[in-house]
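# Chain and residue survey
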Amino acid sequence: MAKFGVVLVSHSEYIAKGLKELVDEMNDGSVQVVAAGGADGGRIGTSAIKIQGAIESVEDCDHILIYADLGSSILSAETAIDLIDEDLAEKVQLVDAPIVEGALAGVEGTISDDVADVIKASEDARNVHKN
């Protein structure tokens, strides 16, 4: 059983799947990564039901971290958390971090057992300068 599950929520199915591919390259397999991008039918948007399914697919993990891209993806993630079992919801955290840099830092779970360390690394990714 993986200690950490990561759910990637984007308005674009392609962005979520592409980010999963990128994160999986950095992952030694000890973090379960699931893409939950796009609305039903492959349209741009988000789906609380799709996010709920993604969360439930990693329910065996000790901690489940959600990384989301834009405003309504955050609302959809929060709705998904409201839809799941209360015990499962206690393991889920929506991480306040940029989706790409934050999720990559989220694979910190492969070297740390402390969820607070993983979340801090994700949040600190906001301050990485690109010039």
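What counts, and at which threshold
- Residues numbered from 1 in each chain as written.
- Predicted model: local features only at pLDDT ≥ 70, side-chain atom pairs only at ≥ 80, totals over all residues.
- Heavy atoms only, no water.
- Helix = DSSP H or I, 4+ residues; strand = E, 2+ residues; numbered from the N terminus.
- Contact = heavy atoms within 4.5 Å.
- Core = buried A, V, L, I, M, F, W, Y, C linked by side-chain atoms within 4.5 Å.
- Buried < 20%, exposed > 50% of the residue type's maximum accessible area, 1.4 Å probe, protein only.
- Axes fitted to C-alpha atoms, helices over the stretch in contact; angles between N-to-C directions.
- Parallel < 35°, antiparallel > 145°, perpendicular 65-115°, else oblique.
- Left-handed = near helix turned anticlockwise from the far one by under 90°.
- Nonpolar A, V, L, I, M, F, W, Y, C, P; charged D, E, K, R; others polar.
- Pairing = 2+ DSSP bridges.

What follows deals with the side chain of Ser122. Note on placement: Ser122 falls in helix α6 (residues 115-124). The contact partners of Ser122, leaving out residues within four places of it in the chain, are Tyr67, Val95, Ala97, Pro98, Gly102, Ala105 and Gly106.

Here we come to the nonpolar core. Nonpolar side chains tend to gather and get buried jointly when the protein is soluble and globular. Ranked by size, the top nonpolar core spans 19 residues in total, and within it Val7, Val9, Ile55, Ile64, Ile66 and Val92 carry the most contacts. Sorting the residues of this core by element identifies β1 (4-9), α2 (48-57), β3 (63-68), α3 (71-83) and α4 (86-89) as the ones contributing at least two each. If we skip the residues at most four places from it in the chain, Ile66 touches Val7, Val9, Ile55, Ala77, Ile81, Val92, Gln93, Leu94 and Val95. Counting residues in each nonpolar core, the second largest holds 17 residues, with Val6, Leu8, Val33 and Ile99 among its members.

With that settled, consider the packing of helix α1 (residues 13-26) against helix α5 (residues 99-106). Here α1 crosses α5 at 30°, and the two axes come no closer than 9 Å. Judged by the inter-axis angle, α1 sits roughly parallel to α5. Considering how the two elements wind past one another, α1 and α5 form a crossing that is right-handed. Two secondary-structure elements touch here, α1 through Leu19, Leu22, Val23 and Met26 and α5 through Ile99, Val100, Ala103 and Leu104. Across the contact of α1 with α5, the residue classes break down as eight nonpolar, no polar and no charged.

Residue position: Leu83 is located in helix α3. In this structure, the C-alpha to C-alpha distance between Leu83 and Ser57, residues 26 residues apart in sequence, is 14 Å. Ignoring any residue separated from it by four or fewer positions in sequence, one finds Leu83 in contact with Ala48, Ile49 and Gln52.

Our focus in this paragraph is the packing of α5 against α6. Running from N to C, α5 and α6 point in directions that differ by 150°, and their axes come no closer than 7 Å. Judged on the interaxial angle alone, α6 and α5 are roughly antiparallel. In the crossing of α5 with α6, the sense of the turn from one axis to the other is right-handed. The residues of α6 that touch α5, namely those facing Gly102, Ala105 and Gly106, are Val118, Ala121 and Ser122. Grouping the constituent residues of the contact of α5 with α6 by class yields three nonpolar, three polar and no charged.

Moving on, we come to the sheet that holds β3. One open sheet accounts for four strands, arranged β2-β1-β3-β4; its pairing is parallel. If you trace the sheet from one side to the other, it starts and ends with β2 (31-35) and β4 (92-94), each paired once. Here the average twist between neighbouring strands, direction ignored, is 20°. In this sheet, β4 lies alongside β3 in parallel orientation, the contact comprising three bridges. Its bridge partner being in β4, Ile66 is matched across the sheet by Leu94. The sheet strands contacting α1 are β1 and β2, and the helix crosses β2 at an angle near 165°.

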